Amino acid sequence: SSGINAEWPLRPGDTITDTDVVVLCGPQNSGKSTLCRYLLNKILSRSKYHTLAYLDTDLGQAEFTPSGMVSLSVVSRPVLSLPYVTTSRFVPSLLSRDSTMCTVSEARCLGAPSPMECMKEYMEALVQLYSRSRELNMPLVVNCCGWTKGFGVALHADLLRLVKPSHVINLVTNTRKDLPDISELLVTPGIDNDTGQKGDSHLPLVANIPGRASLSKVGFQLRAMTMLNYFAKLLDTADNNKLAYPYKISFDDIKIHIGEDDLSGMFVPAVMNCSVVGLLGDPNDKIRSEVVQGMHVCGGSEYVHGVPCLGYGIIRAIDIKEKVFYLNTTLKEDQLDLVKIFKHTKLAVPFSRCGSAFPVPYVSNLAATEILGIGSRTNRSNLKRKYQSVAQ
């Protein structure tokens, strides 16, 4: 059972117009993704519109892209499969404009499963995608992230003031993770302590819908399945699920970006090796860089947050002597020609038991270990500290 109540007080599928913006918000694991799929299908089937714009702001559990991206999609067909299956429909507009596809997406890579460490870049990316959505002249559905406490409230406030929704559907779990009242949220200071224009009387139609407090699968499990599905084409099922042969890319043909300005140049190869990277296309090729150990390294995150993301790849190895990257990616060779930047991410490499179909330098057999790449440490709140055990 999806847990959706047929007696919703808000039924935008019956009254939606091309200027309407419907925002869905609520805590993590409250059922937002299920509700979004239901709402998209309902609007497509019950209104005069055969296409919808869908702005996905959830970095951790996106609908049409792998984790770590925010995206704008044009939905023209019912969404019937689970999110970790629909990632195969991710077709960035730089690669294809085929109107027969279910979605044509434009994405920005933040490289993290949560906006916690990139709030400014996150909002700047959403400003760009929202501006693009208004050029499409079609209804817009916005799926918010599940971070609803602390600075997450400020991000929701900024997002609501940005998109000026006509309808807000707020999932309520009756727990401390619920968002404040929407009318209060609209005047809550954002991440820059901004409360918007004074005298702005815009008030959306709000429906508070009961949500679920928990799901059978937690966020990191869903993210893992999404990434596995996205990279599944790289596995050679006829050869014990080994990774396919990689592309060999010269240092001179690509720029790399690591969101750490104070990182010593000597550590750049170690950070990039065996990591998931966003494949960014820079149409104007104006991103500045400096040469570090033969690699063209971009500056801080402010330089690349607005560059379209074409997908993900895995840097399988780096050969310093030959000055080449070995890259596994689902992109085809002609599509890879559009990639100008490798953006380092904090996402885990999804294959923990995959061998290699080719000899590579600096890589040993990692079949018995989990490949986490270079990322931030994860805090697990379910692990008891020593003093907690003593106190009990």
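Residues numbered from 1 in each chain as written. Predicted model: local features only at pLDDT ≥ 70, side-chain atom pairs only at ≥ 80, totals over all residues. Heavy atoms only, no water.

A tally of regular secondary structure across the protein gives 10 helices and 17 strands. Counted over contacts in the protein with a minimum sequence separation of 6, partners at least 24 positions apart contribute 77%. For the protein, the computed accessible surface area is about 19300 Å², with 50% contributed by carbon and sulfur atoms. (Helix = DSSP H or I, 4+ residues; strand = E, 2+ residues; numbered from the N terminus. Contact = heavy atoms within 4.5 Å. Areas by Shrake-Rupley, 256 points an atom, 1.4 Å probe, with all protein chains shown as cover.)

By the element assignment, Leu 160 lies in helix H5 (residues 151–163). You can call Leu 160 buried: its relative accessible area is 3%. For Leu 160 and Cys 144, which are 16 residues apart along the polypeptide, the C-alpha to C-alpha distance reads 9.7 Å. Discounting chain neighbours no more than four positions away, the residues touching Leu 160 are Val 23, Pro 165, Val 168, Ile 182, Leu 185 and Leu 186. (Buried < 20%, exposed > 50% of the residue type's maximum accessible area, 1.4 Å probe, protein only.)

Before going further, it helps to spend a moment on the nonpolar core. Where a protein is soluble and globular, its nonpolar side chains tend to be buried together. Of all hydrophobic cores here, the largest spans 41 residues; its most connected members are Met 272, Tyr 312, Phe 325 and Phe 342. Among the secondary structure elements, those contributing two or more residues to this core are strand E4 (105–109), helix H7 (219–231), helix H8 (268–272), strand E12 (276–280), strand E14 (295–298), strand E15 (308–319), strand E16 (324–329) and strand E17 (341–344). Looking at this core element by element, the count peaks at six residues for E15. The next biggest cluster of nonpolar side chains, apart from the first, holds 34 residues, and it includes Ala 125, Trp 147, Ala 157 and Leu 179. (Core = buried A, V, L, I, M, F, W, Y, C linked by side-chain atoms within 4.5 Å.)

If you trace the backbone, Gly 265 turns up in the loop between strand E11 (255–257) and H8. The exposure class assigned to Gly 265 is partly exposed, which follows from its relative accessible area of 24%. Between the C-alpha atom of Gly 265 and that of Val 292, which follows or precedes it by 27 residues, the distance is 5.9 Å.

A separate point is the packing of aromatic side chains. For the coordinates displayed, the defined rule picks out five aromatic pairs. Summarising the aromatic geometry, the rings of Tyr 230 and Tyr 312 are spaced 6.3 Å apart at their centres and angled 85 degrees between planes, so their arrangement reads as edge-to-face. One end of the pair, Tyr 230, is in helix H7; the other, Tyr 312, is in strand E15, with 82 residues separating them in the sequence. Judged by relative accessible area, which is 8%, Tyr 230 ranks as buried. (Phe/Tyr/Trp six-rings, centres within 6.5 Å; stacked < 30°, edge-to-face > 60°.)

With that settled, consider the pattern of salt bridges. What the rule picks out here adds up to six salt bridges. The partner of Arg 37 in a salt bridge is Glu 63, with the nearest N and O atoms 3.2 Å apart. Of this pair, Arg 37 sits in helix H2 (residues 32–46) while Glu 63 sits in the loop between strand E2 (52–56) and strand E3 (69–75), and the two are 26 residues apart along the sequence. Classification of Glu 63 as buried rests on a relative accessible area of 2%. For Asp 158, the salt bridge goes to Arg 161, with nearest N and O atoms at 3.2 Å. Of this pair, Asp 158 and Arg 161 are both found in helix H5, three residues apart, which corresponds to roughly one turn of the helix. We classify Arg 161 as buried; its relative accessible area is 16%. Through salt bridges with shared partners, a single network forms among Glu 106, Arg 108, Arg 132 and Glu 135. (Salt bridge = Lys/Arg side-chain N within 4 Å of Asp/Glu carboxyl O.)

Another aspect to go through is the pairing of E2. Sheet faces and side chains relate simply in a regular strand, where the side chains alternate between the two faces. The buried count for E2 comes to five of five residues, which makes it a mostly enclosed element. Side chains Leu 52, Tyr 54 and Asp 56 project from E2 onto one buried face, and the interleaved Ala 53 and Leu 55 project onto a second face that is buried too. When E2 meets E3, the two strands line up antiparallel, connected through five bridges. Following the sheet pairing, Leu 55 is matched in E3 by Leu 72. Sheet topology places E2 next to strand E5 (residues 140–143); four bridges connect them, and they run parallel. Note on E5: the bridge partner recorded for Tyr 54 is Val 141. (Pairing = 2+ DSSP bridges.)

A few words now on unusual backbone geometry. The general pattern is negative phi for most residues beyond glycine and trans for most peptide bonds. The backbone phi angle of Cys 274 is positive, close to 60 degrees, even though this residue is not glycine. One can find Cys 274 in the loop between H8 and E12.

This part covers the environment of Glu 260. Looking at the element boundaries, Glu 260 is found in the loop between E11 and H8. Taking relative accessible area as the criterion, Glu 260 reaches 41% and is therefore assigned partly exposed. With 39 residues separating them in the primary sequence, Glu 260 and Gly 299 have C-alpha atoms 8.5 Å apart.

At a closest axis distance of 11 Å, the pairing of helix H4 (residues 119–134) and H5 adopts a crossing angle of 20 degrees. In terms of orientation, H4 lies roughly parallel with respect to H5. Crossing of H4 against H5: the hand is right-handed. The residues of H5 that touch H4, namely those facing Met 119, Tyr 122, Met 123, Leu 126, Val 127 and Tyr 130, are Phe 151, Leu 155, Asp 158, Leu 159, Leu 162 and Val 163. Across the contact of H4 with H5, the residue classes tally to 11 nonpolar, no polar and one charged. (Axes fitted to C-alpha atoms, helices over the stretch in contact; angles between N-to-C directions. Parallel < 35°, antiparallel > 145°, perpendicular 65-115°, else oblique. Left-handed = near helix turned anticlockwise from the far one by under 90°. Nonpolar A, V, L, I, M, F, W, Y, C, P; charged D, E, K, R; others polar.)

This part is about the confidence of the model for the protein. Predicted coordinates in areas of low pLDDT are best not read in detail. Model confidence for the protein is summarised by a mean pLDDT of 77, while 71% of its residues fall at 70 or above. Taken as a whole, residues 1–10 scores under 50 in pLDDT and shows 16 contacts with residues more than four places along the chain or in a different chain. (pLDDT = per-residue confidence, 0-100.)

It is worth spelling out the state of the cysteines at this point. Enumeration over the complete set of coordinates arrives at zero disulfides. Unpaired in terms of disulfides, Cys 109 finds its nearest cysteine sulfur in Cys 309, a separation of 4.6 Å. Looking at Cys 309, the relative accessible area reads 1%, which means it is buried. (Disulfide = S-S within 2.5 Å.)

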